[in-house]
Each structure stands twice: as C-alpha cells, then as structure tokens.
Amino acid sequence: MMGLVAGFPVGAFAAPTLVPELPPVAQLTPGNGTPIEVRTLDPALGDPLAASVTAGALDGHFVPFVARGSHFLTAPLWFRLPALGRATADAAGRIPVLLVRAGMDQRVQVFARRDGESLSLTPATVVPQFGGAEDTVFVLPPGLDPGEPLYARVVREGHASADVHFTTSTLDRTLAVASVHQRIIALVFGALMAMALSTLLVRFVLTDRLYPLYGTFFSLQALYLVYFSGQGFHWPILSLARPVSSYAWNVPVAIAAAAGSLFVREFANLRLFSPRVYRVFGWLAVAFVVLAIANVLRAVPELSPVIAAIGNLMFLGSAIFTLIVSYLAWRSGNRGAGWFLVAWALLFIFQILTALRLLYARADDAQGLLYYGLAPSMVAAAVLIALGTSDRVRAQSLALTEAERRAQTDPLTGVLNRRSLIERLDAASMRAQARGLPLSVLFIDLDHFKQVNDTFGHAAGDACLSGIIAPIQSELRISDVIGRYGGEEFVVILSGADAAAAQPIAERICRRVSEVRIAGFGAPIHLTCSIGVASSDTLGVWGQHLIAHADTAQYAAKRSGRNQVQLAAALAA
C-alpha cells in the first residue's frame, strides 16, 4: 500500500483545473471529462464517401446523437463535431488533443480541413479504459481552417462494449493521467500475482487446501483487473487475449468468485462450525461457474447487459451474505471467521460499491472508484488475508504442538512418559556412540511409596510424585532428560556424563528429595528415594540395557537401607 501511494504523483489527486488561453476546441471541455455535444449522420444515408462528408455536402442530414446504448449499433457511424478555432499549442506548450472513446473493437477515423482540403488526422496514441473502452488520442495540428467542423467515422469491427463519446484535453494531461493509471494497475497486478504464486508454491510444502484456493482466487482477481482496466490488452503475452475482448475479464472474475466461495468456507472452518452454510457456499461456487459458462456461451448481444446485471447482483448478494455469515461465526467464537471479517471488509465494501455503480453506469464512467478504490483494496485484502491465513496456520501449529506435547508427557508430573523416554534414550545413545561420548542413566524409585498411598490416600501419593519433580530438575542440565518410567519410578538421561560425573548428580538428587515435605494431608509427608546409576563407560552397554542395569543397582540401594545411591557393576561373563 505504501508503494502504491508513493507511486502516485501529487497531481493525480488534485481536481482538474482550467487551462487559460487554450485554443477554442480545447475550451469546449477543459479537461473535466464532459463529452462534446456532437451530431450523427442520419442512418438512412448509409456509409457515404469521406470526401462528400468532409466537404460539408451532408451537413444538413446530421441529427442529435445519444451516446447511451450506442455500442449496440453495428453500422458505420459518421459524426460532426463543433467548429474549430485556431488549433495551436498555447504559450505553455500544451498541445490540444481530441479524445474519442469507443470500444477496442471499433475503428476510429477523424477528418479535418486544411487549406480547403480534407485531412485525416493520425492518432497519437491509444489510452485503455475500463470495460473494454479505449480513448483514441488525436493531436489537433496547427493550420487547420478556422470555423470548420471536425468529422469522425467509427466502424464496429467486432463486439463493442463501450459507448461512443468525444472530449478534448491537452496531450500532457492525457499522458500524465494515463501513466498514473497504468502504474496503479501494474503495481496491483504485480503484487497480487506475486502473492498468489507464493502461496501456490507453499502448496508443495503444506497440504492445506487454503493455499491453492488463495492463489487461484487472487491470481484470477489480478487477471480480471488487468483486463477489465484494458491495460492487459496492451501488454506482452496478455495481449493475446484481445480477440476474446470482454470474455477476458468476465470469465476470470466469475471463476475467481467460485474459488473465493470455496476459500471462505475453508478459511472460516465452516464445515465444523456450520455445515449448512458450508454447503451454501459450495452451491454459490457452482452458481458462479454457471455464470462463467453463460458468459462464454452467450450468443445474443442483447443478452449481454442482462448477464452482466445478473453477475453484478450475484457478486453483491454473495458479498453481503459472506459478511453476515462471517460476523455470526465470529460472534460464535470462530477465530478464523473474525480474521476473515476484518481482512475482507475493505475489499467487500469496494466490491459492493463497484457492483452498485455498474448496475446503473458503464465501467468507463466509474474510473475513479475502480482505479483508486477497487484496485488498491484488492492488494490490501490479499495482504490481510495472507496474515489471517498465517495466523490460522500458526494456531494449527500450536494446537499440533500441544497435542504432541500431551502425547509425549505424563499428565500427572509433566515429564516424559515411558514411550517418549525410551525414544529419547535411543536417540541419545546413537548420538553418544557417533561422537564417542559416554552416557549415564539414573533410575530413581521413591521409598515406601505404597505405605504413603495406604496411609494418606492416593491424592497424597499423586502430590508426592508431582512434588519431587522440581527438586530433581534443579540438579539437571538443559541437555538432561527426565521421564516417568512407571508408578513411582523415574529415569534420568545424562548425556555426555560418565560414571564419575553421574554419581555426584545422583547424590545431590537423593539429598534434594530427602528435603521435600508434602503438606496438606495431615502430618507432613517425609520422602526419600533410592537411585541406581548405570554408565556406558563402565558397563559397555547402551539404550534400555542401561535402564536394566540402573534398575538392578536401585534394588541394591534399597537392600542396603534405602535413601542412597548405588553404582551398577559390570556383570561377570
């Protein structure tokens, strides 16, 4: 968004101002877009020769022209424009130009008179406009006969979708506005396609259906915008779609709406929160696909406005329905729906405004809303939806991490359960063997634990098991691991520690446990433990064999009076 704003010249937001001392033809419409009142040749005369028209022989047969609906006219049209004054550049060097707006499938010719002879004006450039319209720019050269009118001939060569009208301006203003509009579309198209392609590539890493739907939706939105604005028909590769004209934007936007419907129901997780609404969005997607097919198969030109109106009403209705559903789902506690509501509110506002505007006006008459409203809102929506998708993936990742943690830990004490402990021990043994380092295991068993349960109850026993974890962990390093092996038995894995290093750690743990007092169950409960120590450097074994040796040493510690540490001895051959 900052890039878009930075790319706009300051003058692009300023209101058009009158240019002083312009030639009379430019003063007819001083850059405010108001069409020139022209007259058209009586259709009964057909398509006469240019020489007879420009000579003025048929001036009496020109009738008032109504621009609205003129794109339906298939016969060649002749127009008579107001008489010219001196068509020369002003003191500031501004060159007066005539702008003829027509469909991109309509060929435009403009004739003037100089020294009494007919002169065909050469187009300086063509400026694309929304809705398949184009402004053909004609420079008004010096030396034209003053007081003589201009004549224009417009020939329809294909499917026209824009009404014909004429305005005047100056070349510098026309090119400045055209460059701003081209920059807006290029930036928006580039941003949307970059984000869409990025998410499509993410699909190779993550299997979530959100990513292909996101990429499909915004890539089709980008194509819709670039063709609907007319810019795409003048770009390399994209210009290949010029023969299909309006199909180039009607079909992508309908398919984009179908992809958007599928994206919404996945993004808001409606399958879980509201299966009925989930199915409604599925039928909406089918309806938009049918709309795309209707645009492709339409054969009667008179039905085009009807199909377009139906499409605008569908976009309007689906936008309002989606906002309502998202709001209700958010109120019900659906975090994804809340993100969606915030992220797409801006886009939907401009989509609704655009749909309402296009219901009673042509696209080439709503350029301000389309260039400065709809186009930037698409980029904003893409960015916000990407953030919302990232938040959804983050929430799923946290939920998965929490599920993995619960699957790996003992629910009572919070340390590793037996299965995870064995997996960690096997992995630690492989690393230690590969690096030539020792590995030690401590087998800790609480003394007289059955007596505690029988005397104080199982709740007291659970409190004892939880109460010794913190004292044990206070003597361990970050790389050490503790897990509950079963009942009142715990195993500690000491990576990189030999027997000489493991024994002092076990002695400190034994002392820490003997200092624990569990209160709240009558008299304070005094705890002690017996610990067996087994090390790979003295025994030459790894993995669960270390646990077996440490368990044997622990039993020896109990037989020796409990509350002590016993080193495992190597077994005789």
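For the structure itself, look to the data block above.
Attention in this report is confined to the structure presented alongside it. (Residues numbered from 1 in each chain as written. Predicted model: local features only at pLDDT ≥ 70, side-chain atom pairs only at ≥ 80, totals over all residues. Heavy atoms only, no water.)

**Some words on unusual backbone geometry**
When glycine is set aside, most residues are seen to have a negative phi, and most peptide bonds are trans. Heads up, the condition is: A run of DSSP states H or I qualifies as a helix once it reaches four residues; a run of E qualifies as a strand once it reaches two. Both are numbered from the N-terminal end. Exposure is judged per residue with a 1.4 Å probe applied to protein chains only, and the accessible area is read against the type maximum: over 50% gives exposed, under 20% gives buried, and values in between give partly exposed.
The phi angle at histidine 448 is positive, at roughly 55 degrees, despite the residue not being glycine. Within the secondary structure layout, histidine 448 lies in the loop between strand S11 (439-446) and helix H13 (449-456). A positive phi is found at asparagine 563, a non-glycine position, where the angle reads about 55 degrees. Looking at asparagine 563, the relative accessible area reads 36%, which means it is partly exposed.

**Looking at the environment of isoleucine 472**
Put simply, the rule reads: Whether two residues touch is decided by their heavy atoms; if any such pair falls within 4.5 Å, the residues are in contact.
As for its placement among the helices and strands, isoleucine 472 is situated in helix H15 (residues 469-473). When its relative accessible area of 0% is taken as the criterion, isoleucine 472 is described as buried. For the pair isoleucine 472 and arginine 511, spaced 39 residues apart in sequence, the C-alpha to C-alpha distance is 9.7 Å. Those residues in contact with isoleucine 472 that lie beyond four places of it in its chain are Ile444, Ile482, Val492, Ile509 and Val513.

**Some points on the pairing of strand S13 (residues 489-495)**
For a regular strand, the rule is simple: side chains alternate between the two faces of the sheet. Applicable threshold: Each pair of strands is called paired provided DSSP finds at least two bridges between the two strands.
The buried fraction of S13 is high, at 6 of 7 residues. Pairing analysis gives 7 bridges linking S11 to S13, with the strands arranged antiparallel. Looking at S13, one finds that leucine 442 is bridged to valine 492. Bridge analysis of strand S12 (residues 481-486) against S13 gives 5 bridges, and the strand direction is antiparallel. Its bridge partner lying in S13, glycine 486 is registered against glutamate 489. The turn linking S12 back onto S13 is made up of 2 residues, and glycine 487 within it adopts a positive phi angle of 60 degrees.

**Some thoughts on the packing of H13 against helix H14 (residues 458-467)**
We count it as follows: Convention adopted: a line fitted to C-alpha atoms gives each axis, helices being fitted over their contacting stretch, and angles between N-to-C directions are expressed from 0 to 180 degrees. Reported orientations rely on four angle classes, namely roughly parallel under 35 degrees, roughly antiparallel over 145, roughly perpendicular from 65 to 115, and oblique for the rest. Side-chain classes are defined by residue name, with Ala, Val, Leu, Ile, Met, Phe, Trp, Tyr, Cys and Pro counting as nonpolar, Asp, Glu, Lys and Arg as charged, and the others, Gly among them, as polar.
Packing of H13 against H14 brings their axes to within 6 Å, and their N-to-C directions diverge by 135 degrees. Between H13 and H14, the angle falls in the class oblique. Residue-level inspection shows Phe449, Val452, Asn453 and Phe456 of H13 in contact with H14, the latter providing His458, Ala460, Gly461, Cys464 and Leu465. Tallied by class, the residues present in the contact of H13 with H14 amount to 6 nonpolar, 3 polar and no charged.

**Things to note about the packing of aromatic side chains**
Just so we agree on the cut-off: Between 30 and 60 degrees the pair is tilted, below 30 it is stacked and above 60 it is edge-to-face, where a pair is any two Phe, Tyr or Trp rings, Trp via its six-membered ring, whose centres lie within 6.5 Å. We count a charge as sitting over a ring when the NZ of a lysine or the CZ of an arginine lies within 6 Å of the ring centre and within 35 degrees of the ring normal.
Per the stated rule, a full pass over the model turns up 16 aromatic pairs. Considering the side-chain rings of phenylalanine 189 and tryptophan 235, the 5.6 Å spacing of their centres and the 70 degrees angle between planes classify their relative orientation as edge-to-face. Of this pair, phenylalanine 189 sits in helix H4 (residues 171-202) while tryptophan 235 sits in the loop between helix H5 (210-228) and helix H6 (247-267), and the two are 46 residues apart along the sequence. Of the two residues examined, phenylalanine 189 and tryptophan 235, each falls in the buried class. Seen from the ring of tyrosine 278, arginine 265 lies directly overhead, with NZ or CZ sitting 3.9 Å from the centre. Above the plane of the ring of tyrosine 485 lies arginine 418, whose end atom (NZ or CZ) is 3.9 Å from the centre.

**Describing the sheet that holds strand S10 (residues 165-170)**
Overall, antiparallel pairing links the 4 strands, which are arranged S7-S8-S4-S10 in an open sheet. Looking at strand neighbours, the two that pair on one side only are strand S7 (123-128) and S10, the edges of this open sheet. Averaged over all adjacent pairs, the angle separating strand axes in this sheet is 25 degrees, with direction ignored. Relative to strand S8 (residues 133-139), S7 runs antiparallel, the two sharing 5 bridges. When the bridges of S8 are listed, valine 126 appears paired with threonine 136. Sheet strands in contact with H4 are strand S4 (96-103), S7, S8 and S10, and its direction is about 105 degrees off that of S10.

**What about the pattern of salt bridges?**
Note the threshold: Salt bridges, as used here, are contacts in which a Lys or Arg side-chain nitrogen is within 4 Å of a carboxyl oxygen on Asp or Glu.
Applying the stated criterion across every chain yields a total of 12 salt bridges. In this structure, aspartate 59 and arginine 80 form a salt bridge, with 3.5 Å as the shortest nitrogen-oxygen distance. With aspartate 59 in the loop between helix H3 (50-54) and strand S2 (62-64) and arginine 80 in strand S3 (residues 77-83), the pair connects residues that are 21 residues apart, well separated along the chain. For aspartate 59, a relative accessible area of 25% translates into the label partly exposed. Accessibility expressed as a relative area gives 27% for arginine 80, which makes it partly exposed. Among the ionic contacts, a cluster of salt bridges with common partners joins Asp445, Asp447 and Lys558.

**Some remarks on the side chain of serine 514**
Here serine 514 shows up in helix H16 (residues 499-514). Those residues in contact with serine 514, other than ones at most four positions away along the chain, are His526, Leu527, Thr528 and Asn563.

**What about the side chain of lysine 558?**
Mapped onto the elements, lysine 558 comes out in helix H18 (residues 544-559). For lysine 558, a relative accessible area of 16% translates into the label buried. Residues contacting lysine 558, with those up to four places away along its chain left out, are Asp445, Leu446, Asp447 and Ser530.

**So, the nonpolar core**
Our working rule: By nonpolar core we mean a set of buried residues, namely Ala, Val, Leu, Ile, Met, Phe, Trp, Tyr and Cys, connected to one another through side-chain atoms within 4.5 Å.
Core analysis: the largest hydrophobic core is formed by 64 residues, its most contacted members being Phe218, Tyr227, Phe263, Trp344 and Ile385. For this core, the secondary-structure elements that each account for two or more residues are H4, H5, H6, helix H8 (275-297), helix H9 (304-331), helix H10 (335-360) and helix H11 (367-408). In this structure tryptophan 344 touches Phe217, Phe218, Phe263, Val264, Ala381 and Ile385, once residues within four positions along its chain are discounted. By size, the runner-up hydrophobic cluster in this structure holds 32 residues, among which are Cys464, Ala497, Ile505 and Val513.

**A short note on the sheet that holds strand S16 (residues 529-535)**
Pairing is mixed in the open sheet, where 5 strands are placed in the order S12-S13-S11-S16-S17. This sheet does not close on itself; its edge strands, each paired only once, are S12 and strand S17 (565-567). The sheet shows a mean angle of 20 degrees between the axes of neighbouring strands, taken without regard to direction. Running over the sheet, helix H12 (residues 418-435) touches S11, S12 and S13 and is turned about 135 degrees from S12.

**Some thoughts on the packing of H6 against H8**
Running from N to C, H6 and H8 point in directions that differ by 170 degrees, and their axes come no closer than 8 Å. Here H8 runs roughly antiparallel to H6, going by the angle between their axes. Counted together, Tyr247, Asn250, Val251, Ala254, Ile255, Ala257, Ala258, Ser261, Leu262, Val264, Arg265 and Glu266 of H6 and Tyr278, Phe281, Gly282, Leu284, Ala285, Phe288, Val289, Leu291, Ala292, Asn295 and Val296 of H8 form the full contact between these two elements.

**So, a nonpolar patch on the surface**
As a reminder, the rule being used: Distance thresholds for patches are 9 Å for like charges and 5 Å for nonpolar side chains (Val, Leu, Ile, Met, Phe, Trp, Tyr), applied to residues having over 30% relative accessible area and no salt bridge. Only the protein chains shown count as covering a residue, and every accessible area follows the Shrake-Rupley method with a 1.4 Å probe.
A contiguous nonpolar patch, built from Ile320, Ile324, Tyr327, Leu328 and Trp330 and spanning about 490 Å² of accessible area, is present on the exposed surface. Mapped onto the secondary structure, isoleucine 320 falls in helix H9.

**Re the environment of proline 128**
Within the secondary structure, proline 128 sits in strand S7. When its relative accessible area of 11% is taken as the criterion, proline 128 is described as buried. C-alpha of proline 128 to C-alpha of methionine 104: the two residues are 24 residues apart in sequence and 8.3 Å apart in space. If we ignore the near neighbours within four places in the chain, the residues touching proline 128 are Ala133, Glu134, Ser229, Gly230, Gln231, His234 and Tyr371.

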